[in-house]
Amino acid sequence: MMSTLRHARHPFARIPRKAPWFALILSLLAGCATQPPQTTETDWESHEQALEALSSYQAKGKLGYKGQQRFGANLIWDTTANSDHLLLTNFLGSTLLKLDATPSRVTLVDNNGKTHQGTNASALVSSLTGINLPVEQMRDWLIGLPTAADTYQLNNENRVGYLAKRVDDKLWQLDYNEYDYSVSPALPKRMVLSSAGTSITLIIHQWTIN
C-alpha cells in the first residue's frame, strides 16, 4: 500500500499568496499596527468651562469609608441647579443615610428612618452619623471641578489630579486616580478623599448628565 504521507500537502498550500483578499488583510493589519494611540489629553480651560456648565447630573457607584467606623455602601449623588441629594444604602438596599440639601435647608433621614433638619450639611451628617464628609464642596469636587480649593494640580491629561482645602480646621485632600471617558466632558471614575483619620474611596460606575 502506497503511503499517503508522500502526497500530503500543507493545509494552506493552495491559497494563492497574491489573492486580493490576502493583500487586503495584510494592509489592514499594517494599518492597525501604525495607527496612533487615542489621546485623552484636553485643554484645561475648555474642560473647566465644560464642567462649570454642568448644572444637573447624577453619579451612581460605591463608597468605602474608613474612619472611626468602617463600611461600604452604594452611592447615588444627584445635583441640580439649587439642590444636592445623597443616598447611601447597604448592599441589601437598606437606607444608611439620605440627605437633601439646598442653600437654606438640609434634611437628613438616618438608618432608623428618623428625619433631622439643619442648615449645615457637613455638620449635620457628622453630628448624627459620625461620618466626616465635606458635603458642600463635593458638589463640584465630584465632577473634577476644584471650586474654592486652596490648591490643585493637573494630571498629564490636563484634568484635575489632586486638590486640597482646609474646611473648619480640617485639611481635606482629594486624589483623582481615574477618569471616565465614555461621557463628555470626561468625569472622575475613581477618587480617594482623605483627611486626618479618615479615608473615603469613591468609585463611580455610571454618570448621567442632564
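Residues numbered from 1 in each chain as written. Predicted model: local features only at pLDDT ≥ 70, side-chain atom pairs only at ≥ 80, totals over all residues. Heavy atoms only, no water.

- Named according to an unreviewed UniProt entry, the chain is Outer-membrane lipoprotein LolB originating from Photobacterium rosenbergii.
- Regarding the chain, the relevant UniProt record gives this comment under Subunit (unreviewed entry): "Monomer."
- Under Function (unreviewed entry), UniProt gives the following word-for-word description of the chain: "Plays a critical role in the incorporation of lipoproteins in the outer membrane after they are released by the LolA protein." (UniProt positions renumbered as here; feature names shortened; annotations may be inferred.)

### Focus: the sheet that holds strand E9 (residues 170-180)
Phase 1 of the analysis: Taking strand neighbours across the sheet as the criterion, the 11 strands line up as E6-E5-E4-E3-E2-E1-E11-E10-E9-E8-E7 in an open arrangement whose pairing is antiparallel. Strands with a single pairing partner mark the edges of an open sheet, and in this sheet they are strand E6 (115-118) and strand E7 (151-154). The average undirected angle you get between the axes of adjacent strands in this sheet is 15 degrees.
Phase 2 of the analysis: Bridging between E7 and strand E8 (residues 160-167) involves four bridges; their strand directions are antiparallel. Considered in E8, the bridge of Thr-151 is made with Ala-164. (Pairing = 2+ DSSP bridges. Helix = DSSP H or I, 4+ residues; strand = E, 2+ residues; numbered from the N terminus. Axes fitted to C-alpha atoms, helices over the stretch in contact; angles between N-to-C directions.)

### Considering the pairing of E8
Phase 1 of the analysis: Taking burial as the measure, the eight residues of E8 include seven buried ones, the bulk of the element.
Phase 2 of the analysis: Where E7 folds back on E8, the antiparallel hairpin that results is connected by five residues, among which Asn-158 adopts a positive phi of roughly 65 degrees.
Phase 3 of the analysis: In the sheet, E8 pairs with E9 via six bridges, with the strands oriented antiparallel. Of the residues in E9, the one forming a bridge with Val-167 is Lys-170.
Phase 4 of the analysis: Counted between consecutive antiparallel strands, the loop separating E8 from E9 contains two residues, among which Asp-168 sits at a positive phi close to 50 degrees. (Buried < 20%, exposed > 50% of the residue type's maximum accessible area, 1.4 Å probe, protein only.)

### Quick look at unusual backbone geometry
Phase 1 of the analysis: Of note, the amide linkage connecting Ser-184 to Pro-185 takes the cis form, showing an omega dihedral of 0 degrees.
Phase 2 of the analysis: Even without glycine at this site, Asp-168 takes up a positive phi of about 50 degrees.
Phase 3 of the analysis: With respect to the helices and strands, the residue Asp-168 is situated in the loop between E8 and E9.
Phase 4 of the analysis: Phi is positive for Asp-169, which is not a glycine, with a value near 65 degrees.

### Re the packing of aromatic side chains
Phase 1 of the analysis: Inspection of every chain in the model, using the stated rule, returns four aromatic pairs.
Phase 2 of the analysis: Centre to centre, the rings of Trp-44 and Tyr-152 are 6.0 Å apart; their planes meet at 50 degrees, and the pair counts as tilted. One end of the pair, Trp-44, is in helix H2 (residues 44-52); the other, Tyr-152, is in strand E7, and 108 residues separate them in sequence.
Phase 3 of the analysis: Take Trp-44: its relative accessible area is 11%, and that puts it in the buried class.
Phase 4 of the analysis: Its relative accessible area of 35% is what places Tyr-152 among the partly exposed residues.
Phase 5 of the analysis: Here the aromatic rings of Tyr-65 and Phe-71 are separated by 5.3 Å at their centres, their planes lie at 15 degrees, and the arrangement is stacked.
Phase 6 of the analysis: Looking at Tyr-65, the relative accessible area reads 2%, which means it is buried. (Phe/Tyr/Trp six-rings, centres within 6.5 Å; stacked < 30°, edge-to-face > 60°.)

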